[in-house]
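# Coordinate inspection notes
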Amino acid sequence: MTLRAFGGAAVLILAAFAASAQQAADAVAPESAAPAAAFAGLTADGKAALAAKDSGKPVSAKSWMIAAANPLAVQAGAKMLESGGTAADAMIAAQAVLGLVEPQSSGLGGGAFLVWYDAATGTVTTLDGRETAPMEATPQLFQDEAGEPLKFYDAVVGGRSVGTPGTPALMKAAHARWGKKEWPGLFLEAINLADQGFSVSPRLAALVAEDAERLSRFPATAAYFLPGGKPLQAGGRLANPAYARTLRALAAGGPDAFYKGPVAQGIVDTVRGAEGNPGVLSLDDLAVYKVKERAAVCVPYRSAEVCGMGPPSSGALTVGQILGMLENFDLRAMGPGNPRAWRLIGDASRLAFADRGRYMADSDFVPMPTAGLTDPEYLRSRADLLAGTEAALPEVSPGRPVFDHAMLWGDDDSIELPSTSHISIVDQYGNALSMTTTIENGFGSRLMAPGGFLLNNELTDFSFRTHDDGLPIANRVEPGKRPRSSMAPTIVMKDGKPLYVTGSPGGSRIIGYVAQNVIDVIDWGMDPQQAAAAPHLVNRFGKYDIEAGTPAEQLAGPLGDLGFETGLAELNSGIHAIGITPDGLLGGADPRREGIAIGK
Ligand code: GLY
């Protein structure tokens, strides 16, 4: 498997969708269609990257590359890479800018998972910067007095949903292990932009307008996003002096300047003082927060290995289960226009989601059959269910992976709505970084800390119910626990070297986006830009979501005939990916978002 030379056969294969990748990209109304002028401050590289994306071509480079969701953040990371920084340095610079220019998706008030390929040792490891539940949280956090689950947005908006942020500590942990640049300099670009102001992007302006009612609920949030009571306008200049001050403190004092002192006090006061829905986060929760280094979860697929984030994320395990089942079928021969291929992908996803709902949670708190879930024998037995029929499975239920515990779990059906952001980086030293970063829902809890950043609502990734039919739910709230995630930052390895770096936002659809993205590249020979633009079909819990306005709509009829319930949906992924070929690097940025790839 050579990734089929990144695109050699892809154009032919994509014709099976009755449209080229370019047509597909156009059909999903890419935000990049906004003129380059919408991103004031673009460098020549930034403009060239935007033009490449709009023409449906991957960006190519020899030495280093970064792909992320906003051109200004990508430029900040590229500056670090170009001047000798590592992928960790570039991530910190890019994340600091993302927290300013894409505040609805990620930032200092949120959490992240990072997968790292270390060229010096040839190993893959991960950092868990997931938020934690406060020590005062109880399993009934999201229930009313009658023990009934709260309505989703009643739980999200306010202090109750806010977990201890992990992103600032993760930035420092990555720098301590793999950084080369001086820490304070990594924040300069973001500080300048926050002081001088940046041009509000079309996407940010549109999302503010859509969410205006919730954003108006708390005065500090309203003052920033709805100045004078009016939503921010695209192209308008927006400064954030409070964020600049926080970044200066973080640059000078490291994470202590965030987790202790005035910034921490501001977070706690905001959470506990949230009118109508206060939370229980405390200074102690912030003071004891720790990033955890964890072993990567790697699952063989074709002749590669797909590596990612284990618990508390369900990402790599669920993506790995889907691919591990599909390993038993020749998707390449079927091609992406074939309903048989999508029947298999859809039902493999349903089977994997059944296991996810039952078994996956923070394994520091609940026993998990982590190895059993991706055991090839177990996945072959699950694949046998797919092989036994040509039609959609009438129903799916969790399997029985090898488990060293006698334990009965109830099933978790908690929802996660699309938000989040993804960064992929390869540096000149050969290191690769894949990081998915989030404040959970778009604009998180809608609480703006005095430090100029939004606070997450990550705790709503826990199950609102504690039990199902009398059985405990693995992903219930517990103090200090990390909510189950779907984030799936991924590095595909081949012969001990990274081959493809990818990931996406999208709530629990992340899993489908990433599994499909790996299949697009490995089985169907697409290059990273074609794969980022390819129309989506995602099945989680039974209904097949088919991306509206794309050639994938043609599969709705045949999949319905096979027994699936189908529905057209806006499937707003944000894939940022880098392929590593013998001839250099190829980058792709999702046309559904504003991001780009820059490399040299
Ligand atoms: N909050 C998105 C995720 O962690 O999956």
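Quick caveat: nothing in here was measured; it's all calculated off a predicted structure. (Residues numbered from 1 in each chain as written. Predicted model: local features only at pLDDT ≥ 70, side-chain atom pairs only at ≥ 80, totals over all residues. Heavy atoms only, no water.)

A tally of helices and strands in the protein chain yields 23 helices and 21 strands. A compact globule built from 600 residues would reach a C-alpha radius of gyration of about 25 Å, and the protein chain, at 22 Å, matches this within 12%. Principal-axis analysis of the C-alpha atoms places the extent of the protein chain at approximately 60 × 60 × 45 Å. Taken over 600 residues, the protein chain has a buried fraction of 65%. Sequence-distant contacts in the protein chain: of pairs separated by 6 or more residues, those separated by 24 or more amount to 74%. Carbon and sulfur atoms provide 54% of the accessible area of the protein chain, an area that totals close to 19,600 Å². Side chains of the protein chain give 49 positive and 64 negative charges; the mean places of these two sets differ by 3 Å. (Helix = DSSP H or I, 4+ residues; strand = E, 2+ residues; numbered from the N terminus. Rg over C-alpha atoms; globule rule 2.2 N^0.38 Å. Buried < 20%, exposed > 50% of the residue type's maximum accessible area, 1.4 Å probe, protein only. Contact = heavy atoms within 4.5 Å. Areas by Shrake-Rupley, 256 points an atom, 1.4 Å probe, with all protein chains shown as cover. Lys, Arg positive; Asp, Glu negative; His and termini not counted. Charge placed at Lys NZ, Arg CZ, Asp CG, Glu CD.)

This paragraph deals with the sheet that holds strand β16 (residues 537–539). Within the open sheet, the 3 strands sit side by side as β16-β17-β18. Their pairing is mixed. With one partner strand each, in any of the chains shown, β16 and β18 (565–569) form the two edges of the open sheet. Going from strand to strand, the sheet's axes swing by 25° on average, the running direction of each strand aside. Bridge count for strand β17 (residues 543–547) against β18 is 5 bridges, and the pairing is parallel. Along β18, the bridge assignment pairs Lys543 with Glu565. Running over the sheet, helix α18 (residues 339–359) touches β16 and β17 and is turned about 35° from β16. (Pairing = 2+ DSSP bridges. Axes fitted to C-alpha atoms, helices over the stretch in contact; angles between N-to-C directions.)

Given 3.6 residues per helical turn, the α-helix brings residues three or four places apart onto the same face. An ideal rise of 1.5 Å per residue puts 16 Å on 12 residues; helix α7 (residues 167–178) measures up with 16 Å between its terminal C-alpha atoms. Among the 12 residues in α7, 9 count as buried, and that is most of the element. For α7, the full list of buried residues reads Thr167, Pro168, Ala169, Leu170, Met171, Ala173, Ala174, His175 and Trp178. Residues of α7 that are buried make contact with α5 (87–101), β3 (111–118), β4 (123–129), α12 (241–253), α13 (256–259) and β11 (432–438). (Expected span 1.5 Å × (residues − 1).)

That's the geometry; what it means functionally is another story.
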